[in-house]
2 protein chains.
Amino acid sequence: MSLTDSAAIDVARSASLASRQLAVLSNEARNEALTALHQALDQNRSTILAANARDLEAATRAAESGDLNHSVLKRLDLSRPGKYEDMLEGILSVRDLEDPVGKITLQTLLDEGLTLERVSCPIGVLLIIFEARPEVIANIAALAIKSGNAAILKGGKESMESFVAIANAVSDAIASSSVPVSSIQLVKTRDAVSSLLEQDSLIDLVIPRGSNELVRFVKENTKIPVLGHADGLCSAYIHSDAKLETAVKVIVDAKTDYPAACNALETLLVHEDVLDTIFPAVAKALIAKGVSLRCDEASKTVLGKTLSPDQIAKVQPATEADYNTEFLDLVLAVKVIPAANSAVETAIAHINAHSSKHTEVVLTESREVANMFMSGIDSAGVYWNASSRFADGMRYGFGTEVGISTNKIHSRGPVGLEGLTIYKYLIRGNGHVAGDYHDGPGGKKYIHSTMPL
Amino acid sequence: MSLTDSAAIDVARSASLASRQLAVLSNEARNEALTALHQALDQNRSTILAANARDLEAATRAAESGDLNHSVLKRLDLSRPGKYEDMLEGILSVRDLEDPVGKITLQTLLDEGLTLERVSCPIGVLLIIFEARPEVIANIAALAIKSGNAAILKGGKESMESFVAIANAVSDAIASSSVPVSSIQLVKTRDAVSSLLEQDSLIDLVIPRGSNELVRFVKENTKIPVLGHADGLCSAYIHSDAKLETAVKVIVDAKTDYPAACNALETLLVHEDVLDTIFPAVAKALIAKGVSLRCDEASKTVLGKTLSPDQIAKVQPATEADYNTEFLDLVLAVKVIPAANSAVETAIAHINAHSSKHTEVVLTESREVANMFMSGIDSAGVYWNASSRFADGMRYGFGTEVGISTNKIHSRGPVGLEGLTIYKYLIRGNGHVAGDYHDGPGGKKYIHSTMPL
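Residues numbered from 1 in each chain as written. Chains lettered and ligands numbered in written order. Predicted model: local features only at pLDDT ≥ 70, side-chain atom pairs only at ≥ 80, totals over all residues. Heavy atoms only, no water.

## Quick notes on the interface of chain B and chain A
In step 1: The partner chain A presents 72 residues to the 72 residues of chain B that form the contact.
In step 2: Between chain B and chain A, a total of about 5,900 Å² is buried, with carbon and sulfur atoms accounting for 56% of that surface.
In step 3: Looking at the side of chain B facing chain A, the largest losses of area belong to B:F390, B:I409 and B:Y425, adding up to 12% of the total buried there.
In step 4: Taken together, the links from chain B to chain A amount to eight salt bridges.
In step 5: Counting the contacts that link chain B with chain A gives 47 residue pairs in polar contact (both at pLDDT 80 or more). (Contact = heavy atoms within 4.5 Å. Buried area = accessible area lost by both parts, 1.4 Å probe. Salt bridge = Lys/Arg side-chain N within 4 Å of Asp/Glu carboxyl O. Polar contact = N/O pair within 3.5 Å; in protein donor to acceptor, adjacent residues only side chain to side chain.)

Here it is in structure tokens:
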């Protein structure tokens, strides 16, 4: 066992102990800690921004010498207008959300004097691994405390100075509250991740926030359940009866509103019957926004007849790999669905076989077709005549999100506070024993009546 | 890739395709398949019982030569009075449960004409691995079909003949219904388990039903989420104000009603103040039922003063390992909690550090102490003055269960049909795009109003 391993065990064990203390704190006590956290980050603004400026300076140098992607700079910069205020505001809005802990979701009278209750409770210890965005520390610390979970936070090296400055403010704020200090621990050692991922008996859930590579690395290197998504390969299907304006508007937004997002469109399926009508209009609108199309033979042929030479330069032949690719860029794969009664099934089968189970869209004027698509598609979000870009916790009205999950169990789609809780069953009796309930003479019978919540 | 691997991929892929067809079937269609399943098992009773008799004969020989535990014989025997009827009856009661699919659990008006809905849906493909009990095939097939999930079933070698006979009846019944044939697949090859556990892109959840060793093997050899429990190390704490009769009754039931069950008591914590009063009465009642006690120094000393020589023969000194042991036998570890204001916290800390997070019991007349215990304990079930033996899906009123989960996410405690479902988010719009919602001039605002369910 290396020193790092023993340090990781210490961190995880103290988080586990803190989580049990945190689990019994009232909503008021957790809220007070969030108020203190808000205050500390407000008061330490200049120190934190100075640290962030040092990170930014180092990152700018790295970007200039080609060692760092320029997009990281934007994500790193806490001094951009409104960003620090948003971070502060976010803490207060999490504080003011409904308490996710202690909600009774089932109550059954098992027998006279014997009640069963299912009540929501924190999961325990979260491990959050993130990359460049330093404000995530404040967001996640707030979400963890509000939901009664202890959190171990591990930041990326680009934001190390910001991270340490924010970490100090967070620790001071928590120390002044009744939330145990070890509830939020910030791990700075660079090689701690692998050791932490091994602590499956002490850490209950890992949430990686960052690149696909990070998420994949985490998923492949731990037995702890992972909440999140590696890919967001979203698709849209234009059915034969789609409305032209709706199709153009939704697809242009889904592809171009923010192409680097996980909820951006990556594959377009087009019913053969609208290849000559809706599809050219969609293609022209996309190309006007700078999108390149990767088309199968049939769709490419149609565009060859209708596009100008300038436009046709943006059309390339698709390979099979394009239908499995999350471009995260102004590129869209296009495939034609042959006209047949089973066209919707064909589209559904293509999507279920190729998608990452994030969000898919159907464009149709038929409720029946929409319902077939919505029940047949196996993804966290299935939308009818609306852009895939709505897949977001804020847009869903959850106030905040810890990420978007493409898992098949626990929590799917944008995950809010509810996804950071689980439940336990409480039974209250008066000396009741299971051996008294049997079919024989003198045996008691269960009542099993549902009690109002 | 071995032949087994390629066979496992075929099984998993066809299950995945079947799961998508099954997901769009109505409750009526799924129920009709269950009726057919019931009929087929009823009509093939003699064939199945003859096959079971052959299994039993082989197992009896193996048990006589010491190659098999005698307890397996009882679990294997389908001809025991009422067992076949219970199996048949179980299929119909699952059929008649409320449809777990298509339940709307959240509905939000995002904007005019733009609605968000959260609806329950099947998880997808389940892999169920079980050992001796052949009737589990019928139970699980029924649960899977009712919840719209495809299932791959892998039985143990002791029940192979019964398994094949039941499998044939199940397949014939399903073939006569609108449920796809590959929805329920029964894998007979002995070495298929490892290959199936590798199909994490096609199989969504594994449910091992059997020994601790089986569950541990599964948990250690797959990236697929595992629902279940390896250990059931349940504890009870007798507080200083407990009622003697309640303590005796609850602890005797918890320990002796069915010692081999996962919800049986394994550790008893006793408040120092009741060492001379309640504890000897509990110990005598347990010893009268044949229980051996593994006592720490303080509890052993007390019993030395109060028990008869015959009784004291059942008391041994405890080792630290005893507090981490699931005896599954008439053995109970005993530890004294020193008298102090923090005694409840001490008991909670011991349990959270040693338990398997299954079910724990507090014996006290104080609501305040009970509440502290119930919120402080991190287990799927926490009971006040009631036996741990109530931890069971039938007793909870769930009608049936697929197992008891000690996981910290998705589903905890006895898992019924609800634990075999997840949800997806549906958005219905009319050409709505995310880019229209912004703070700038002409930007639209979200309504985010909760709609009645």
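## A word on the sheet that holds strand β3 (residues 125-130) of chain B
Residues and elements named next belong to chain B.
In step 1: An order of β5-β4-β3-β6 is seen for the four strands of this open sheet, with the pairing classed as parallel. Taken across any chain shown, the strands that pair with only one partner, and hence form the sheet edges, are β5 (184-187) and β6 (205-209). The mean angle between the axes of side-by-side strands here comes to 20°, regardless of whether they run parallel or antiparallel.
In step 2: Pairing between β3 and β6: five bridges, direction parallel. Considered in β6, the bridge of L127 is made with V206.
In step 3: This element, helix α9 (residues 212-220), spans β3 and β6 of the sheet and lies at about 160° to β6. (Pairing = 2+ DSSP bridges. Helix = DSSP H or I, 4+ residues; strand = E, 2+ residues; numbered from the N terminus. Axes fitted to C-alpha atoms, helices over the stretch in contact; angles between N-to-C directions.)

## Some remarks on the pairing of strand β13 (residues 381-386) of chain B
In step 1: With six of six residues buried, β13(B) lies mostly within the body of the structure.
In step 2: Where strand β16 (residues 421-432) of chain A lies against β13(B), five bridges are found, and the strand directions are parallel. Each bridged residue has a counterpart across the sheet, and for A:I427 the counterpart in β13(B) is B:Y383.
In step 3: Direction of pairing for strand β12 (residues 359-363) of chain B relative to β13(B): parallel, over a ladder of four bridges. Counted as the bridge partner of B:T359 is B:G381 from β13(B).
In step 4: The β-α-β motif built from β12(B), the intervening helix α15 (residues 367-376) of chain B and the parallel element β13(B) has right-handed crossover chirality. (Buried < 20%, exposed > 50% of the residue type's maximum accessible area, 1.4 Å probe, protein only. Right-handed = clockwise from strand over helix to strand, strands pointing away.)

## Quick look at the domain arrangement of chain A
In step 1: What the domain assignment reports for chain A is domain 1 (3-220) and domain 2 (234-395).
In step 2: Each of domain 1 of chain A and domain 2 of chain A has a C-alpha centre, and these two points are 37 Å apart. (Domains from an automatic or database assignment.)

## What to know about the relation of the copies chain B and chain A
In step 1: With an RMSD of 0.1 Å, the operation that places chain B on chain A is a rotation of 180° combined with a shift of 0.0 Å along the axis. The transformation just described matches what one would write down for a two-fold rotation axis. Scanning chain B for the C-alpha nearest the rotation axis identifies B:H410, at a separation of 1.9 Å.
In step 2: Taken as a fraction of all interface residues of chain B, those also at the interface in chain A reach 100%, which identifies the copy contact as same-surface. (Least-squares fit on C-alpha atoms with pLDDT ≥ 70 in both.)

## Considerations on the sheet that holds strand β17 (residues 449-450) of chain A
Strand pairs in the sheet, formed through backbone hydrogen bonds, run parallel or antiparallel to each other.
In step 1: Across the sheet, which stays open at both edges, the eleven strands sit in the order β17(A)-β1(A)-β2(A)-β16(A)-β13(B)-β12(B)-β7(B)-β8(B)-β11(B)-β9(B)-β10(B) with mixed pairing between neighbours. The open sheet has two edge strands with one neighbour each: β17 of chain A together with β10 (315-317) of chain B.
In step 2: Direction of pairing for strand β8 (residues 265-271) of chain B relative to strand β11 (residues 331-337) of chain B: parallel, over a ladder of five bridges. By the bridge assignment for β11(B), B:L269 is matched with B:K335.
In step 3: Set on the sheet, helix α12 (residues 297-306) of chain B makes contact with β9 (292-295), β10 and β11 of chain B; between it and β9(B) the angle comes to about 130°.

## Examining the environment of A:E117
Residue and element names in this part refer to chain A.
In step 1: Among the secondary structure elements, E117 is positioned in strand β2 (residues 114-122).
In step 2: Since its relative accessible area comes to 9%, E117 is described here as buried.
In step 3: C-alpha of E117 to C-alpha of L106: the two residues are eleven residues apart in sequence and 5.6 Å apart in space.
In step 4: With sequence-adjacent residues up to four places away left out, E117 is seen in contact with I104, L106, Q107, K424, Y425, L426 and R428.
In step 5: Of note is the side chain of E117, whose polar atom sits 3.2 Å from the side chain of R428.

## Here's the deal with the packing of aromatic side chains
In step 1: Tallied over the full model, the rule gives 18 aromatic pairs over all chains.
In step 2: Here B:Y437 and B:Y446 contribute two aromatic rings whose centre-to-centre distance is 4.3 Å and whose plane-to-plane angle is 15°, an arrangement assigned as stacked.
In step 3: Of the residues examined, B:Y437 reaches a relative accessible area of 11% and is grouped as buried.
In step 4: Take B:Y446: its relative accessible area is 23%, and that puts it in the partly exposed class.
In step 5: Within the aromatic cluster, the residues linked to one another by ring pairs are A:Y396, A:F398, B:Y423 and B:Y425.
In step 6: Taking the ring centre of A:Y423 as reference, the NZ or CZ of A:R118 above it sits at 5.1 Å.
In step 7: Across from the ring centre of A:Y323, 4.7 Å away, lies the NZ or CZ of A:K335, which sits over that ring. (Phe/Tyr/Trp six-rings, centres within 6.5 Å; stacked < 30°, edge-to-face > 60°. Lys NZ or Arg CZ within 6 Å of the ring centre and 35° of its normal.)

## A look at the pattern of salt bridges
Any two side chains of opposite charge can pair, given that their charged atoms come close.
In step 1: This structure, assessed with the given rule, holds 49 salt bridges over all chains.
In step 2: Across the pair A:K445 and A:D439 runs a salt bridge, and its minimum N-O distance is 3.7 Å.
In step 3: We classify A:D439 as exposed; its relative accessible area is 75%.
In step 4: Counted as one network, the salt bridges with shared partners bring together A:R20, A:D204, B:K357, B:D378, B:K408 and B:R412.

## Quick notes on the nonpolar core
In step 1: Counting 202 residues, the largest nonpolar core has A:L41, A:I238, B:L41, B:I238 and B:L293 as its most contacted members.
In step 2: Apart from residues lying up to four places away in sequence, A:L41 is in contact with A:I48, A:Y84, A:M87, A:L88, A:I91, A:A138, A:I166 and A:A169. (Core = buried A, V, L, I, M, F, W, Y, C linked by side-chain atoms within 4.5 Å.)

## Structural notes on unusual backbone geometry
All names here are of chain A.
In step 1: Phi is positive for K357, which is not a glycine, with a value near 65°.
In step 2: K357 sits in the buried class, given a relative accessible area of 19%.
In step 3: Positive phi, close to 65°, is recorded for H410, a residue that is not glycine.
In step 4: Along the chain, the position of H410 falls in the loop between β14 (403-405) and β15 (413-415).
In step 5: Given a relative accessible area of 13%, H410 falls into the buried group.

## Some points on empty space enclosed by the protein
All names here are of chain B.
In step 1: Applying the stated criterion across every chain yields a total of one cavity of 30 Å³ or more.
In step 2: Each pocket or cavity is described by its volume, and for the largest cavity that value is around 40 Å³.
In step 3: Forming the walls of the largest cavity are K357, H358, T359, A380, G381, A391, Y396, I404, S405, T406, G413 and P414.
In step 4: Of all the elements in the fold, those that place two or more residues in the lining of the largest cavity are β14 (403-405) and β15 (413-415).
In step 5: Among the residues making up the lining of the largest cavity, the classes are represented as five nonpolar, six polar and one charged. (1 Å grid on protein atoms, 1.4 Å probe; cavity = no way out; pocket = protein on both sides within 12 Å on 5 of 7 lines; lining within 4 Å. Points joined across faces, edges and corners; volume = space filled by probe spheres on them. Nonpolar A, V, L, I, M, F, W, Y, C, P; charged D, E, K, R; others polar.)

## What about the side chain of A:K424?
In step 1: You can see A:K424 is positioned in strand β16.
In step 2: In this structure, A:K424 is buried with no salt-bridge partner, the nearest side chain bearing the opposite charge being B:D378 at 6.1 Å.
In step 3: A polar atom in the side chain of A:K424 sits 2.7 Å from the backbone oxygen of B:M374.
In step 4: Ignoring any residue separated from it by four or fewer positions in sequence, one finds A:K424 in contact with A:R20, A:E117, A:R118, A:V119, A:C121, B:M374, B:S375, B:I377, B:S379, B:A380, B:V382 and B:R412. (Lys, Arg positive; Asp, Glu negative; His and termini not counted.)

## A closer look at the state of the cysteines
Disulfide: a covalent bond connecting the sulfur atoms of a pair of cysteines.
In step 1: Per the counting criterion, the structure on display carries zero disulfides over all chains.
In step 2: With no disulfide partner, A:C262 has as its closest neighbouring cysteine sulfur the one in A:C234, 6.9 Å distant. (Disulfide = S-S within 2.5 Å.)

## Notes on the side chain of A:S405
Residues and elements named next belong to chain A.
In step 1: Relative to the helices and strands, S405 is located in strand β14.
In step 2: In this structure the side chain of S405 is engaged in a polar contact, spanning 2.6 Å, whose partner is the backbone oxygen of S411.
In step 3: When near neighbours in sequence (up to four residues on either side) are disregarded, S405 contacts L227, G228, A380, S411, R412, G413 and V415.

## So, the pairing of strand β9 (residues 292-295) of chain A
Residues and elements named next belong to chain A.
In step 1: Here β9 pairs with strand β11 (residues 331-337) via four bridges, running parallel. Each residue of the ladder has a partner; that of L293, found in β11, is L332.
In step 2: As judged from the three bridges shared by β9 and strand β10 (residues 315-317), these two strands associate in the parallel manner. Note on β10: the bridge partner recorded for C295 is P317.

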